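Tertiary structure, described
Listed below, chain by chain, are the residues.
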Amino acid sequence: MPARNWGWKAILLLGAVWWSGNILHGQTRVELPTVAEASGFRRTATGMEVERFLREIASATDEATLLSLGTTVEGRKIWALDVAATGHQTGDAGTLTVLLLGGIHAGECDGKEALLALARDITLVEKSVWRQSLRLIFVPNFNADGNERRSRHHRPGQSGPSEGMGVRHNAQRLDLNRDFIKLESPEVRALVGAINRFDVDVLIDLHTTNGSLHQYDLTYAIPHHPAANRTLTDWARQELMPSVSATLSRQGFTTFFYGNFDAAHTRWQTFGHEPRYSTEYMGLRGKLGILVESYSYKSYRRRIEASYAFVRTTLAALHAHATQLRENFQHERSVPRAGSTLATRARLALTSPSITIAGFKTPAGELVSPPYDASALQANVPTTFTVSWWGHAEPTMETDIPVAYAIDPDGAWAVQRLMLHGIQVHRLSVAGALKARQLRVTRMTRESEKRFGHHRLLVDVEEEPHESLVAAGSFVVATDQPLGKLAAYLLEPSSEDGLTAWNFFDPHIVSGQLHPVQRVVSGLPETGLSLVEVLSAHRDVNSGQALSSNASDRVRG
């Protein structure tokens, strides 16, 4: 091991305890406390404090490398700590790569503090067995601009931190957890670039919810879009998450699948199935996304403890099933797409007709009406409700995936987005080398309300009965590639959350006219197709560089 500037870091290793739960419960003193711990759980870290904390870890161990994934709208760096698997070389095919994301909504700061504590503990304090198979990439302060816009008045009703927290949106006023299809924010572009570069297998995205009044410390979710990897999601719903929840129960944390009550408290319903969300996006990539929602009416300290415990327990479970997961991911990457069925529209479906959810009633036995705050946990009576559970989605429209899609030569705006997602795009130089079926727009409905910066467009199409030749200069996207299912979803005109819906083909969408995307029906030619070079803007947003392994260089960054 090369020489290090150890000094007080040796004291840290000797004086710290084996996991942060002990630190959070006040059983000992740690030499590198998080801002939450050091403040008695009154504060959350600024961006500079996050960076300083991660640098201290990176300078103290060879196992961790500090990275900048990219920059925010206002030019702040998005810092990541890359922690190598102890049993393998970095990037080894035998590892699972897990990206741990905090602060996508900066006011929901529990995950940021939990990830900082966990990064410290697993690198400087302990040697967990699950580190042998997991490469961990910590991104605790993702919405770094939103994190700096802090106030005590944000997220009214949330129980702390008492000295204030950030805001939900980034500096563009975009909700970053609605941007995983359109990629309009530099933050999500950088994150998707990292997912591509590190070939991330599991994304754990930490939030704080203030929805229904319930008794759980934390709720969680997995991909539930019907186009997601079904074998994986069924296993996660039936085995992985229940086992994690049972382990957490033995540790004293109450958890369940994410949801909200309907007004009558007869239904427990999850969030939207669209891949604009991080968890659903990972599902369409054939990987696993896990949503974590601590509960805003619990104390700030309790929320951090629950988030920390959930991530640790989930990582241990992923390690236990690492071989099974690697095999699943490898199979999903190699399975042919052409000819398979793709769900382009969906709706939430009944997962179970009867489950029990822990909620509250008033002392008079009535349902509790919003708005809620932390006092509602004390003012009302714990009660269980028997409800139907709507926890996954079923298709309402499907199509067969073609060999490829052809995009008109003037579709470069959409093509750039495909490449940002990591999808390979070719350009056709020879006229007549490909045959396709054109798609005629039969119906189009534009949303009157502007949401997430767009008036979204829902389009129905009919396939023309006759084949036509694809024009030279057209862009061609083969579906038999690792991200072929995602490519098909993005390009299918009828996809409710695809590129057409997000206006990437406006103003070329006209009722009764041909859509600028065609379905290729012939095999791809051996010549006449050239890979489109990655645009320079793509390189800029995805070119996160590792800092030097020299400790003095690390602090200059």
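In what follows, the structure referred to is the one given above.
Computed from a prediction, not measured in an experiment: that's the story for all the values here.

Observations regarding the overall build of the protein
Across its full length, the protein holds 16 helices and 21 strands. Taken over 557 residues, the protein has a buried fraction of 59%. Expressed as a percentage of contacts within the protein between residues at least 6 apart in sequence, the contacts between residues at least 24 apart total 80%. Accessible surface, the protein as shown: approximately 21,300 Å² in total, 50% of it carbon and sulfur.

Some words on the layout of surface pockets
The calculated volume of the second largest pocket comes to roughly 270 Å³. As for the second largest pocket, its lining consists of 16 residues, and the residues nearest its centre are R168, R178, H207, Y258 and E293. Sort the elements by how many residues they give to the lining of the second largest pocket and strand β5 (residues 202-209) lands first, with three residues. When its residues are assigned to classes, the lining of the second largest pocket shows four nonpolar, eight polar and four charged.

Some remarks on empty space enclosed by the protein
Unfilled space is identified by rolling a water-sized probe across the atoms. One pass over the full model with this rule turns up one cavity of 30 Å³ or more. Roughly 60 Å³ of internal volume is contained in the largest cavity. In terms of lining, the largest cavity is formed by Y220, A221, I222, H224, R237, F257, Y258, T270, W389 and G391. When grouped by side-chain class, the residues that make up the lining of the largest cavity number six nonpolar, three polar and one charged.

Here's the deal with the pattern of salt bridges
Tallied over the entire structure, the rule returns 40 salt bridges. Ionic pairing is found between K287 and D199, a salt bridge with its closest N-O pair at 3.0 Å. Within this pair, whereas K287 is found in the loop between α9 (278-284) and β10 (288-295), its partner D199 is found in the loop between α7 (186-198) and β5, the two being separated by 88 residues in sequence. Accessibility expressed as a relative area gives 5% for K287, which makes it buried. Residues joined in a network through salt bridges with shared partners are E108, R155, R168, D175 and R178.

Description of the nonpolar core
Of all hydrophobic cores here, the largest spans 74 residues; its most connected members are L81, L136, F138, I204 and L315. If you tally residues by element for this core, the top one is helix α10 (residues 300-320), at 10 residues. Ignoring any residue separated from it by four or fewer positions in sequence, one finds F138 in contact with W79, A80, L81, V83, L100, L115, L118, A119 and I122. Formed by 57 residues, the second largest nonpolar core is a distinct cluster that contains F180, L183, M282 and V477.

Some words on the sheet that holds strand β13 (residues 381-390)
Taken in spatial order, the four strands of this open sheet run β8-β9-β13-β12, and their pairing is mixed. Each having just a single partner strand, β8 (260-261) and β12 (352-361) make up the two edges of the open sheet.

A short note on the packing of helix α8 (residues 230-250) against helix α11 (residues 322-334)
Look at α8 against α11: their axes get within 10 Å of each other, and the N-to-C directions meet at 155°. Here α8 is positioned roughly antiparallel relative to α11, judged by the angle of their axes. Contact residues: α8 offers T231, L232 and W235, while α11 offers Q324, L325, N328 and F329. Here the residues of the contact of α8 with α11 are counted per class, giving four nonpolar, three polar and no charged.

Quick look at the sheet that holds strand β3 (residues 96-102)
Overall, mixed pairing links the eight strands, which are arranged β1-β2-β4-β3-β5-β10-β6-β7 in an open sheet. Both edges of this open sheet fall to β1 (64-71) and β7 (255-257), since each of them pairs with a single strand only. Shown here is a sheet whose adjacent strand axes are inclined to one another by a mean of 25°, direction ignored. Of the strand pairs in this sheet, β1 and strand β2 (residues 77-83) are connected by six bridges, and their pairing is antiparallel. Looking at β2, one finds that A64 is bridged to V83.

Regarding unusual backbone geometry
Between P370 and P371 the backbone carries a cis peptide bond, its omega angle lying at 0°. Examined against the element boundaries, P371 turns out to sit in the loop between β12 and α12 (376-379). A positive phi angle is found at R173, which is not glycine, with a value near 65°. By secondary structure assignment, the location of R173 is in the loop between α6 (144-148) and α7. For D199, which is not a glycine, the phi torsion comes out positive at approximately 50°.

A short note on the side chain of S494
Among the secondary structure elements, S494 is positioned in the loop between α14 (484-491) and β20 (517-520). Within polar-contact distance, the side chain of S494 engages the side chain of T344 at 3.3 Å. The contacts of S494, once residues within four sequence positions are left out, are T344, R345, M397, L458 and V459.

So, the environment of N380
Following the sequence through the fold, N380 ends up in the loop between α12 and β13. A C-alpha to C-alpha distance of 7.9 Å links N380 and V368, two positions 12 residues apart in sequence. Sequence-distant contacts of N380, that is, excluding residues within four places in its chain, are made with L213, F360, K361, T362, P363 and V368. Looking at N380, its side chain comes within polar contact range of the main-chain oxygen of A376, at 3.0 Å.

Description of the packing of aromatic side chains
Between two aromatic rings, the relevant description is the distance of the centres plus the angle of the planes. Scanning all chains against the criterion turns up 15 aromatic pairs. Between the aromatic rings of F180 and Y281, the centroid separation amounts to 5.6 Å while the plane-to-plane angle is 40°, which identifies the pairing as tilted. Separated by 101 residues along the polypeptide, F180 in the loop between α6 and α7 and Y281 in helix α9 bring together distant segments of the chain. The two residues F180 and Y281 agree in class, both being buried.

Focus: the packing of helix α5 (residues 110-125) against α10
Orientation of α5 relative to α10, taken along the N-to-C sense of each, is 50°, at an axis distance of 8 Å. In terms of orientation, α5 and α10 fall into the oblique class. α5 and α10 meet at a crossing whose hand is right-handed. Touching D110, E113, A114, L115, A117, L118, D121 and I122 of α5 are Y300, R303, I304, S307, Y308, V311, R312 and L315, all from α10.

The rules behind these values
Residues numbered from 1 in each chain as written. Predicted model: local features only at pLDDT ≥ 70, side-chain atom pairs only at ≥ 80, totals over all residues. Heavy atoms only, no water. Helix = DSSP H or I, 4+ residues; strand = E, 2+ residues; numbered from the N terminus. Buried < 20%, exposed > 50% of the residue type's maximum accessible area, 1.4 Å probe, protein only. Contact = heavy atoms within 4.5 Å. Areas by Shrake-Rupley, 256 points an atom, 1.4 Å probe, with all protein chains shown as cover. 1 Å grid on protein atoms, 1.4 Å probe; cavity = no way out; pocket = protein on both sides within 12 Å on 5 of 7 lines; lining within 4 Å. Points joined across faces, edges and corners; volume = space filled by probe spheres on them. Nonpolar A, V, L, I, M, F, W, Y, C, P; charged D, E, K, R; others polar. Salt bridge = Lys/Arg side-chain N within 4 Å of Asp/Glu carboxyl O. Core = buried A, V, L, I, M, F, W, Y, C linked by side-chain atoms within 4.5 Å. Pairing = 2+ DSSP bridges. Axes fitted to C-alpha atoms, helices over the stretch in contact; angles between N-to-C directions. Parallel < 35°, antiparallel > 145°, perpendicular 65-115°, else oblique. Polar contact = N/O pair within 3.5 Å; in protein donor to acceptor, adjacent residues only side chain to side chain. Phe/Tyr/Trp six-rings, centres within 6.5 Å; stacked < 30°, edge-to-face > 60°. Left-handed = near helix turned anticlockwise from the far one by under 90°.

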